[in-house]
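# Structural overview
Chain by chain, the residues:
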Amino acid sequence: MAVCLLWATQIKVNNNVMDYFDHRTELPERADLLHQNLSGMQTLSIVLSGTQGTFLQVPYLEELGRLQDYLEETGHFDKSFSFADFIGVVHSGIDGEWPDTIYLPARNEVVKEYMSLLDHENAKAFVSADYSQARVLIRHAISSSHELNQVVDDIKQYTEEWLDPTLDVMVTGSSYLNSQAVDYMADGQARSLLLMLLVILLLVTLLFMNLKAGLIAVIANLFPIVVLFGVMGMFGIPLDTGTTMVGAIALGVCVDHTMHFMVRYQRLAKNGRKESLLKVIEQEATPIIR
């Protein structure tokens, strides 16, 4: 148990969607082809919030541009889009001062004039109707939730240090929410494990009116749990959606067998401890092993 407990500390929470598919099949190959030639299958959004009309002002559009430059410099993402790109395309097309270059206007009034001429419907995916919120849409091919969480932490650190402090930043999107869900499942399993051990301790202690019996039951249940997580850590098997659910089912079966064993022993204990224990093992070992 000590060795397995040491290996159990090496377990990582990581949900990699592409690991669910055989890498020799067409789906992973097509996903990689999409990443190489267009942009990744995954999406991530960074929502910046200010006050009404914030993103009709050029300095805040430039903040969006700087954030996108940082995202490109990291090398983790394929492409990003924002309201700054929308205004830049419109302005460079109308102004025409620097051909083949996308650039923002110099004055806030120009941005307001563009949006008074254009329907907000065209830009609603990137900015709210009152221009208080703007969204940076990111496409990427990061399928590992562990890696994505690290990248998002870096983005949050950058925005805290370098973006205008009047802007509130929130990271969201399907890929990030999925990775967070796996973390919540892992935390939930840890809490369930502690609760399960506590319940076993209380039930068996009350059943035998003996705290020592409860502690023995807890230790007996800890053994397969520690071995399970130790083997996972040893072979680099991460906690993901699949292993978390299987682990929860296995723990449930473990508790069920424990209660069957202890209740039957309690009922037969009047016949003598040794005889009762041998009889319980004889009757319960086969269904437990099967």
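Residues numbered from 1 in each chain as written. Predicted model: local features only at pLDDT ≥ 70, side-chain atom pairs only at ≥ 80, totals over all residues. Heavy atoms only, no water.

### Structural notes on the environment of His 35
Looking at the secondary structure, you find His 35 in helix α2 (residues 26–37). As a C-alpha pair, His 35 and Trp 98 span 63 residues in sequence and 31 Å in three-dimensional space. Sequence-distant contacts of His 35, that is, excluding residues within four places in its chain, are made with Gly 40, Asp 78 and Ala 141. (Helix = DSSP H or I, 4+ residues; strand = E, 2+ residues; numbered from the N terminus. Contact = heavy atoms within 4.5 Å.)

### Thoughts on the side chain of Glu 63
Inspection of the secondary structure puts Glu 63 in helix α3 (residues 58–74). Among the residues examined, Glu 63 registers a relative accessible area of 9% and is labelled buried. Excluding anything up to four places from it in sequence, Glu 63 contacts Trp 162, Leu 163, Asp 164 and Leu 167. (Buried < 20%, exposed > 50% of the residue type's maximum accessible area, 1.4 Å probe, protein only.)

### Describing the nonpolar core
A general feature of soluble globular proteins is that nonpolar side chains tend to end up buried together. Counting 40 residues, the largest nonpolar core has Leu 48, Phe 55, Leu 64, Leu 67, Leu 71 and Phe 83 as its most contacted members. Excluding anything up to four places from it in sequence, Phe 83 contacts Phe 55, Leu 61, Leu 64, Met 115, Ala 123, Phe 126, Val 127, Tyr 131 and Arg 135. The next biggest cluster of nonpolar side chains, apart from the first, holds 17 residues, and it includes Leu 193, Leu 197, Met 232 and Leu 251. (Core = buried A, V, L, I, M, F, W, Y, C linked by side-chain atoms within 4.5 Å.)

### Here we look at the sheet that holds strand β4 (residues 168–172)
The strand order across the open sheet formed by four strands is β2-β3-β1-β4, and the pairing between neighbours is antiparallel. Every interior strand has two partners, whereas the edge strands, β2 (79–81) and β4, have only one. Put simply, the sheet's adjacent strands are angled 20 degrees from each other on average, direction ignored. Where strand β1 (residues 42–49) and β4 come together, five bridges link them in antiparallel fashion. Looking across to β4, one finds that Ser 45 is bridged to Thr 172. (Pairing = 2+ DSSP bridges. Axes fitted to C-alpha atoms, helices over the stretch in contact; angles between N-to-C directions.)

### Description of the layout of surface pockets
There is about 410 Å³ of room inside the largest pocket. Those elements that provide at least two residues to the lining of the largest pocket are α3, β2 and α4 (83–95). Of the residues forming the lining of the largest pocket, the biggest block, seven residues, is contributed by α3. In this model, the second largest pocket occupies a volume close to 350 Å³. Around the second largest pocket, the lining residues are Phe 208, Asn 210, Lys 212, Ala 213, Ile 216, Phe 261, Met 262, Tyr 265, Ala 269, Arg 273 and Leu 277. Listing elements by their share of the lining of the second largest pocket, those giving two or more residues are α8 (211–234), α9 (241–268) and α10 (273–289). Of the residues assigned to the lining of the second largest pocket, the class counts are eight nonpolar, one polar and two charged. (1 Å grid on protein atoms, 1.4 Å probe; cavity = no way out; pocket = protein on both sides within 12 Å on 5 of 7 lines; lining within 4 Å. Points joined across faces, edges and corners; volume = space filled by probe spheres on them. Nonpolar A, V, L, I, M, F, W, Y, C, P; charged D, E, K, R; others polar.)

### Comments concerning α9
With 28 residues, α9 extends 41 Å between its outermost C-alpha atoms, agreeing within 8% with the 40 Å of an ideal straight helix rising 1.5 Å per residue. Every buried residue of α9 is listed here: Thr 244, Gly 247, Leu 251, Cys 254, Thr 258, Met 259, Met 262, Tyr 265 and Leu 268. Contact partners of the buried residues in α9: α7 (174–208), α8 and α10. (Expected span 1.5 Å × (residues − 1).)

### A look at the packing of α3 against helix α6 (residues 145–162)
Close contact between α3 and α6 brings their axes to 11 Å; oriented N to C, the two are set at 140 degrees. The orientation of α3 with respect to α6, classified from their angle, is oblique. Two packed elements cross with a definite hand, and for α3 against α6 that hand is right-handed. Facing α3, whose interface residues are Glu 63, Arg 66, Leu 67, Tyr 70 and Leu 71, α6 presents Asp 154, Ile 155, Tyr 158, Thr 159 and Trp 162. Taken together, the residues of the contact of α3 with α6 break down into six nonpolar, one polar and three charged. (Parallel < 35°, antiparallel > 145°, perpendicular 65-115°, else oblique. Left-handed = near helix turned anticlockwise from the far one by under 90°.)

### Describing the environment of Leu 167
Positionally, Leu 167 belongs in the loop between α6 and β4. Sequence separation between Leu 167 and Tyr 60 is 107 residues, and the spatial gap between their C-alpha atoms is 9.1 Å. Not counting residues within four places of it along the chain, the set of residues in contact with Leu 167 comprises Leu 48, Ser 49, Gly 50, Thr 54, Phe 55, Tyr 60 and Glu 63.

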